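Spelled out from the first residue to the last, the chains are:
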Amino acid sequence: MSSPTADRICFVTNGTPEADAAATRLKQRYGDYPIDTADVVVALGGDGLMLQTLHRVMRLGVPVYGMNFGSVGFMMNVFSEDGLDERLEAVQRTRIYPLSMQVLDSSGQTRQALALNEVSLFRSTYQAAKLQIVVDGEVRLDELICDGALLSTPAGSTAYNLSAHGPILPIEAPLLALTPISPFRPRRWRGAILSNRAEVKFITREAVKRPVSAVADNVEFQNVLEVTVFEDRSHGVTLLFDPGTSLEERVLSEQFRF
């Protein structure tokens, strides 16, 4: 795929003094435009900033190139003030799509949010959650007693999903990872790999006694009764990486780390 034109760059930061100082120097050198008129967004921070920025540009169609000023920086490139124009001309592009989360809460309200990494359900008190899991209208697990459960995209499979012992999914794979969080019963169930065309519904049991919250990336809803999740191909975002360091390569390499 062709590289983005970098005539108009928008710089965003995670607000740390180091990132803000670097952004000031970069703006003086390369210019700076509002995000809604930019050809590309350059994000200076960590994976948290990248996720926030991708949500901001989702409806604008602007690609995002990250430079690491955070701790992990899995979705970021190495920082350098030199040769930014040339780097942007040589980038590799990765297109990812979000999950749509639709929630019915205890007040009868229906709420929606998008998640680029995962949709997670968590117990809200000291008592374990009880979840029924329905896939494409068929009950697949009548009762999961657990701390929670999550449905992850390939892009999110190396994040919280991996920490919960879920599988790493190749970026291009048309798959989703369904992973329990600290399952108590059935204790040996380790989750499932689903088609990205699947619709997954989580139904909370004993919702008053065992309240559950639902989270789509950084958007949280309390006291949920039902949570329906599916991949939303009507939205999407583009990440930019230096040659040889694409997101596909990073996800592959992560499977050989120990």
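Above this text is the structure in question.
The notes below deal with the structure included here. (Residues numbered from 1 in each chain as written. Predicted model: local features only at pLDDT ≥ 70, side-chain atom pairs only at ≥ 80, totals over all residues. Heavy atoms only, no water.)

### Re the overall build of the protein chain
From N to C terminus, the protein chain includes five helices and 17 strands. Expected size for 258 residues packed as a compact globule is a radius of gyration near 18 Å; at 20 Å, the protein chain falls within 12% of this value. Counting only C-alpha atoms, the protein chain reaches 60 × 40 × 30 Å along its principal axes. Counting over 258 residues, the protein chain shows a buried share of 50%. Long-range contacts, defined here as pairs at least 24 residues apart, represent 67% of the contacts in the protein chain between residues at least 6 apart. For the protein chain, the accessible surface area stands at approximately 12,300 Å², while carbon and sulfur atoms represent 49% of it. (Helix = DSSP H or I, 4+ residues; strand = E, 2+ residues; numbered from the N terminus. Rg over C-alpha atoms; globule rule 2.2 N^0.38 Å. Buried < 20%, exposed > 50% of the residue type's maximum accessible area, 1.4 Å probe, protein only. Contact = heavy atoms within 4.5 Å. Areas by Shrake-Rupley, 256 points an atom, 1.4 Å probe, with all protein chains shown as cover.)

### Some words on the packing of aromatic side chains
Taken as a whole and judged by the stated rule, the model has two aromatic pairs. If you follow Arg-185 out to its NZ or CZ, it ends over the ring of Phe-184, 4.5 Å from the centre. One Lys or Arg, Arg-233, reaches over the ring of Tyr-97 and ends 4.0 Å from the middle of that ring. (Phe/Tyr/Trp six-rings, centres within 6.5 Å; stacked < 30°, edge-to-face > 60°. Lys NZ or Arg CZ within 6 Å of the ring centre and 35° of its normal.)

### Describing a negative patch on the surface
On the surface, Asp-7, Asp-85, Glu-86 and Glu-89 cluster together into a patch of negative charge. Among the structural elements, Glu-89 can be located in helix H3 (residues 84–89). According to the relative accessible area criterion, Glu-89 is exposed, its value standing at 56%. (Patch = residues over 30% accessible without salt bridge, like charges linked within 9 Å, V, L, I, M, F, W, Y side chains within 5 Å. Salt bridge = Lys/Arg side-chain N within 4 Å of Asp/Glu carboxyl O. Lys, Arg positive; Asp, Glu negative; His and termini not counted. Charge placed at Lys NZ, Arg CZ, Asp CG, Glu CD.)

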